[in-house]
Amino acid sequence: MFKSDSFFKWLCLASAALIGILMLGFFIQLTVSSSEIWQTYGLGFLASRDWDPVNDHYGALPSIVGTLVTTTISLIIALPLAFSAALYLVDARPLIGEVLGHAIDLLAAIPSIIYGMWGLFVLAPLMQDYVEPFLVETLKLSSLPVVGKYIGSDYNGFGLLTAGIILSIMILPYICAILRDVFLMTPPMLRESAYGIGCTKWETAKDIVLRYGIRGILGAIFIGLGRALGETMAVLFVIGNIMDMPENLLSGATTIASTLANNFPEADGLQRSALFALGLVLLTMSFGIQILAQYYLHATSAKRGEER
Amino acid sequence: MKKKTIFFRKSADRLVRIASGLAVAVAVAVMFWIIFTVFRHGSAALKPSFFINPSKPYGIPDGGIANALIGTVFITFGAAVLATPPALLGGICLSEYKEFRRFNATLRFAANVMMGMPSVIVGLFVYTSVVVPTGNFSGLAGSIALAIIMFPVIMRTTEDMLGMVPYALRESALALGLTRTRTTVQIVCRSARKGLLTGILLALSRVSGETAPLLFTALFADRWPWGYFNQPTANLPVLITEYSTNSPFAEMHRAGWGAALVVTVLVLAINVATRIIFREKKHGH
C-alpha cells in the first residue's frame with residue numbers, strides 16, 4: 001500500500017518534470033538543427049541582410065527588424081488603449097463592467113487565424129483605400145523632414161503598419177485583463193484616502209494605482225510583448241512577406257514567425273538550417289521576455305501576500 | 001510644484017474618463033466587427049452539402065469541409081488525450097507535494113514560460129522530433145504539437161484549482177487513515193473536478209484554432225482523415241489558410257469564410273461553456 005503511494009508520488013513528479021524536459025528540448029533541438037548555419041556564417045548571420053535562396057545566402061536581419069518594428073507598433077497602439085480600458089472596467093458599474101469585461105475576454109479567445117483573415121479581407125483594403133492615402137496624401141507625413149523617409153509614400157495596404165495594427169488588436173485583451181487584475185489589487189484604503197484628500201479619479205489612477213501596481217503593469221507589458229513577438233498567422237496574412245530589409249512603415253516586410261511559416265515547407269539544406277536558426281533567435285527572444293514578465297508578475301503576487 | 005487650478009484638474013479628469021470609455025468602446029466594437037464579418041461572409045457558404053462533402057480542389061463542384069471538420073476533431077481530441085493525464089499529474093505534483101518545493105518552483109516557472117512560447121516554435125520542434133523520424137506528416141504529429149501547447153495550461157490551472165481546496169479536507173481524509181494517493185485522487189481532485197474540467201476546456205479552446213504548428217505537422221489533404229496516424233490529415237485552420245492566401249478564387253474564399261465561421265463558433269462555444277461551468281462552481285460554494 002505504501003509502495004503504491006510513493007509510486008504515485010514519483011509518477012506525479014515525473015509528469016511535472018516533463019515540462020522542464022520539453023523546454024530544454026526546444027533549445028537543444030533548435031541549436032542542433034541550426035548548427036550548419038552557425039558554422040557557415042557565425043554570428044554574422046544575425047547582422048546579414050540578404051536572403052537569397054538561389055545563391056544560397058541567408059541573413060536574419062530583415063526578419064528580426066520586421067519582428068521588432070511590428071511589435072513596437074502594436075505596443076504603442078495597444079498599451080494606452082488597454083490602460084484606459086482597464087481603468088474604465090475597474091470603476092464601471094458592476095453589471096456593465098462585467099459584461100464589457102467578458103466581451104474583451106472573448107476577443108482574446110478568437111483564434112489568430114480569424115484575425116488574419118479579417119486583416120486580409122477587411123483591414124488591408126481599408127488601409128489601402130482610406131488610411132494610408134490619408135496619411136500620405138492628406139497629412140503629407142512622408143514629406144516631413146527627418147521622420148518622413150521612415151514613413152514612406154508607396155502603399156498597397158500590406159506592410160509593417162497593417163501588421164502592427166492587427167497585432168495591437170490581438171494583444172489588447174491580454175494586457176487589459178492583467179491590468180484590470182493589477183488595478184483591483186490596489187488596497188481600497190489607498191484609493192479612498194486619495195479621494196478623501198480631494199484627488200480626482202485620474203489623479204488617483206496616475207499617482208496611486210499606477211505607482212502601486214507598476215511592477216504588475218510591466219509584467220502585463222511583457223506578456224503582451226511576448227504574444228506579439230511570436231504571433232504567426234495574423235501577421236503572415238497582412239505583412240506582405242517580402243524578404244528584403246523594410247525601407248519604411250508602409251513597405252512590405254516579414255517577421256521571424258511568418259518567415260518560418262512561409263518558407264519552411266519548401267526549404268532544405270542550408271535554408272532549412274537558416275530557418276531553424278531564426279527559430280532559435282525567436283525562442284531566445286521570447287524566453288527572455290517571458291522571464292522578465294514572470295519576474296515582474298511574481299514580484300506583484302509576493303506583494304499581495306500570497307504564499308508563493 | 002506649481003499649483004494647478006481646479007478647472008484644469010477637473011477637465012483633465014473628464015478627458016481621461018472620456019478617453020477610457022472610448023477605449024472600451026473601440027475594443028468591444030472591434031470584437032463585434034470581426035465576429036460580424038465572419039458571420040456575414042461565412043453564412044453565405046453554409047449549406048447542408050458544405051458539412052457533408054469533403055474538400056475538393058478548385059473547379060470541382062460541391063466541395064465541403066466535412067473531412068477538415070472531422071480531422072480537426074481528431075487532432076484536438078487526440079491532443080487532449082495525450083496532454084491531460086500527464087498535465088493533471090503534473091498539476092498535482094505542484095500543488096500537493098510540498099516536499100519538492102524548490103524543484104516545483106522551477107517547474108512552475110518553466111510552465112509559465114512555456115505558456116508564452118510562440119506556437120510556431122512548437123511546430124518546428126515536433127517537425128524535427130516526430131515528422132522527420134517517422135518519415136511522414138500525420139494528424140498524430142499535429143496532436144502532439146497541440147498537446148505540448150495544452151500541457152502547461154492544464155498543469156497550471158490544475159495547480160490553482162487544487163490550491164483552492166481547503167486544507168481541512170485533506171487533513172480529515174488523512175486522519176481517517178486514507179493513503180496520500182487516495183486522499184489526493186478521491187478527495188482533493190474530486191472536490192475540484194469542475195475546476196479541473198475548466199482547465200482542460202480552456203486549453204482545448206486555446207488550441208482548437210491554432211494554425212502555425214499544424215502547418216508543419218498535420219499539413220492538409222483533400223481526403224477523409226482516416227489516415228490520422230501516418231498521412232497528412234485535413235483540418236480547418238490549415239484549410240482556411242490555404243483557401244484564403246493561396247487561392248485567388250472567390251469560391252474558395254467563400255469556403256474559407258465558412259470554415260472560419262465554424263472554427264469561431266466552436267471556439268467561442270467552448271469558451272462560453274467553460275465560463276458557465278466555472279461560474280456555477282463559484283456560486284455552488
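Residues numbered from 1 in each chain as written. Chains lettered and ligands numbered in written order. Predicted model: local features only at pLDDT ≥ 70, side-chain atom pairs only at ≥ 80, totals over all residues. Heavy atoms only, no water.

Asker: Talk me through the overall build of chain A; I want residue IDs and the actual numbers.
Answerer: Scanning chain A from N- to C-terminus turns up 14 helices and zero strands. For chain A, the N- to C-terminal ordering of α and β elements is α-α-α-α-α-α-α-α-α-α-α-α-α-α. Taken along the three principal axes of its C-alpha coordinates, chain A extends 75 × 70 × 30 Å. Within chain A, the fraction of its 308 residues that count as buried is 55%. Approximately 13500 Å² of chain A is accessible, and the part contributed by carbon and sulfur atoms is 65%. (Helix = DSSP H or I, 4+ residues; strand = E, 2+ residues; numbered from the N terminus. Buried < 20%, exposed > 50% of the residue type's maximum accessible area, 1.4 Å probe, protein only. Areas by Shrake-Rupley, 256 points an atom, 1.4 Å probe, with all protein chains shown as cover.)

Asker: Talk me through the overall build of chain B; I want residue IDs and the actual numbers.
Answerer: For chain B, the helix and strand inventory stands at 12 helices and zero strands. Reading chain B from its N terminus to its C terminus gives the helix and strand order α-α-α-α-α-α-α-α-α-α-α-α. For chain B, the C-alpha radius of gyration of 24 Å lies well beyond 19 Å, the compact-globule estimate for 285 residues. Dimensions along the principal axes, computed over C-alpha positions, put chain B at roughly 70 × 70 × 35 Å. For chain B, the residues scored as buried account for 55% of the 285 residues in total. The contacts in chain B between residues at least 6 apart in sequence include a share of 73% that link residues at least 24 apart. A total accessible area of about 12900 Å² is found for chain B, and carbon and sulfur atoms account for 68% of it. With 28 positive and 12 negative side-chain charges, chain B shows a separation of 12 Å between the mean positions of the two kinds. (Rg over C-alpha atoms; globule rule 2.2 N^0.38 Å. Contact = heavy atoms within 4.5 Å. Lys, Arg positive; Asp, Glu negative; His and termini not counted. Charge placed at Lys NZ, Arg CZ, Asp CG, Glu CD.)

Asker: Go over the interface of chain A and chain B, please, and point to the residues and values.
Answerer: Residue-level contacts link 75 residues of chain A with 83 residues of chain B. For the pair chain A and chain B, the two sides together bury roughly 7200 Å², of which 78% comes from carbon and sulfur. The largest per-residue losses of area from chain A upon contact with chain B belong to I19, F26 and W118 of chain A, which jointly make up 10% of the total buried on that side. For the pair chain A and chain B, the interface holds three salt bridges. Put simply, R275 of chain B and D105 of chain A hold a salt bridge, and the shortest N to O gap is 3.7 Å. Where chain A touches chain B, the interface holds 12 residue pairs in polar contact (both at pLDDT 80 or more). (Buried area = accessible area lost by both parts, 1.4 Å probe. Salt bridge = Lys/Arg side-chain N within 4 Å of Asp/Glu carboxyl O. Polar contact = N/O pair within 3.5 Å; in protein donor to acceptor, adjacent residues only side chain to side chain.)

Asker: Break down the confidence of the model for chain B for me, with residues and values.
Answerer: Across chain B, the average pLDDT comes to 90, with 97% of residues at 70 or higher. Our summary of model confidence lists the complex with pTM equal to 0.92 and ipTM equal to 0.90. (pLDDT = per-residue confidence, 0-100.)

Asker: Which residues make up the packing of helix α7 (residues 167-175) of chain B against helix α8 (residues 180-191) of chain B, and what values go with them?
Answerer: Residues and elements named next belong to chain B. It is at 10 Å that the axes of α7 and α8 come closest, and there the two elements cross at 140°. For α7 against α8, the interelement crossing comes out right-handed. Across from L169, R170, A173 and L174 in α7, the residues of α8 making contact are R180, T183, I187, V188 and S191. Taken together, the residues that form the contact of α7 with α8 break down as five nonpolar, two polar and two charged. (Axes fitted to C-alpha atoms, helices over the stretch in contact; angles between N-to-C directions. Left-handed = near helix turned anticlockwise from the far one by under 90°. Nonpolar A, V, L, I, M, F, W, Y, C, P; charged D, E, K, R; others polar.)

Asker: Can you tell me about the domain arrangement of chain B, naming the residues and giving the values?
Answerer: All names here are of chain B. Taken domain by domain, chain B holds domain 1 (2-45) and domain 2 (48-284). Taking both sides of the interface into account, the surface hidden between domain 1 and domain 2 amounts to around 730 Å²; carbon and sulfur atoms contribute 86%. The largest per-residue losses of area from domain 1 upon contact with domain 2 belong to V38, H41 and A45, which jointly make up 58% of the total buried on that side. Counting across the interface, domain 1 meets domain 2 through zero residue pairs in polar contact (both at pLDDT 80 or more). Split by residue class, the side of domain 1 that touches domain 2 holds five nonpolar, four polar and no charged. (Domains from an automatic or database assignment.)

Asker: Explain the packing of helix α4 (residues 61-91) of chain A against helix α10 (residues 201-212) of chain A residue by residue, including any values.
Answerer: Residues and elements named next belong to chain A. Across the interface, α4 lies against α10 with an axial gap of 12 Å and an inter-helix angle of 105°. In terms of axis orientation, α4 runs roughly perpendicular to α10. Note on element contacts: α10 touches α4 through K201, W202, A205 and L210, opposite F83, L87 and D91. Residues of the contact of α4 with α10, tallied by class, amount to five nonpolar, no polar and two charged. (Parallel < 35°, antiparallel > 145°, perpendicular 65-115°, else oblique.)

Asker: Could you give me a rundown of the pattern of salt bridges, with the residues and numbers involved?
Answerer: Residues and elements named next belong to chain B. Going through the model one piece at a time under the given rule, you end up with 11 salt bridges over all chains. With its nearest N and O atoms 3.4 Å apart, the salt bridge here joins D13 to R17. In this pair, D13 and R17 are both assigned in helix α1 (residues 6-43), four residues apart and thus about one turn of the helix distant. When the shortest N-O distance is used, the salt bridge between E159 and R156 registers 2.6 Å. Of this pair, E159 and R156 both sit in helix α6 (residues 139-163), three residues apart, roughly one helical turn.

Asker: How would you sum up the nonpolar core? Please name residues and give values.
Answerer: Ranked by internal contacts, the top residues of the largest apolar core, which has 184 residues, are I110, Y115 and F183 of chain A together with M150 of chain B. By residue number, the principal contributor to this core is helix α8 (residues 160-185) of chain A, which donates 15 residues. The residues that make up this core include at least three from each of domain 1 (2-45) and domain 2 (48-284) of chain B. (Core = buried A, V, L, I, M, F, W, Y, C linked by side-chain atoms within 4.5 Å.)

Asker: Summarise the environment of G42 of chain A; cite the residues concerned and give the values.
Answerer: Inspection of the secondary structure assignment puts G42 of chain A in the loop between α2 (35-41) and α3 (44-47). Residues G42 of chain A and C199 of chain A, 157 residues apart in the sequence, show an inter-C-alpha distance of 58 Å.

Asker: Run through a nonpolar patch on the surface, naming residues and quoting values.
Answerer: Residue and element names in this part refer to chain B. Together, V73, F74, F77, W224 and W226 make up a nonpolar patch on the protein surface, roughly 520 Å² of accessible area in all. Within the secondary structure, W224 sits in the loop between α10 (212-217) and α11 (236-245). According to the relative accessible area criterion, W224 is partly exposed, its value standing at 32%. (Patch = residues over 30% accessible without salt bridge, like charges linked within 9 Å, V, L, I, M, F, W, Y side chains within 5 Å.)

Asker: So what's going on with helix α5 (residues 94-109) of chain A? Which residues, and what values?
Answerer: Since the α-helix advances by 3.6 residues per turn, residues separated by three or four positions end up pointing in the same direction. Under the 1.5 Å per step criterion, the end-to-end length of α5 of chain A is 23 Å for 16 residues, consistent within 8% with the ideal 22 Å. Of the positions making up α5 of chain A, those classed as buried are G97, L100, G101, A103, I104, D105, L106, L107 and A109 of chain A. (Expected span 1.5 Å × (residues − 1).)

Asker: Outline the side chain of D105 of chain A, listing residues and values.
Answerer: Note that D105 of chain A resides in helix α5. Residue classification places D105 of chain A among the buried positions, given a relative accessible area of 17%. Those residues in contact with D105 of chain A, other than ones at most four positions away along the chain, are A177 and R180 of chain A together with R275 of chain B.

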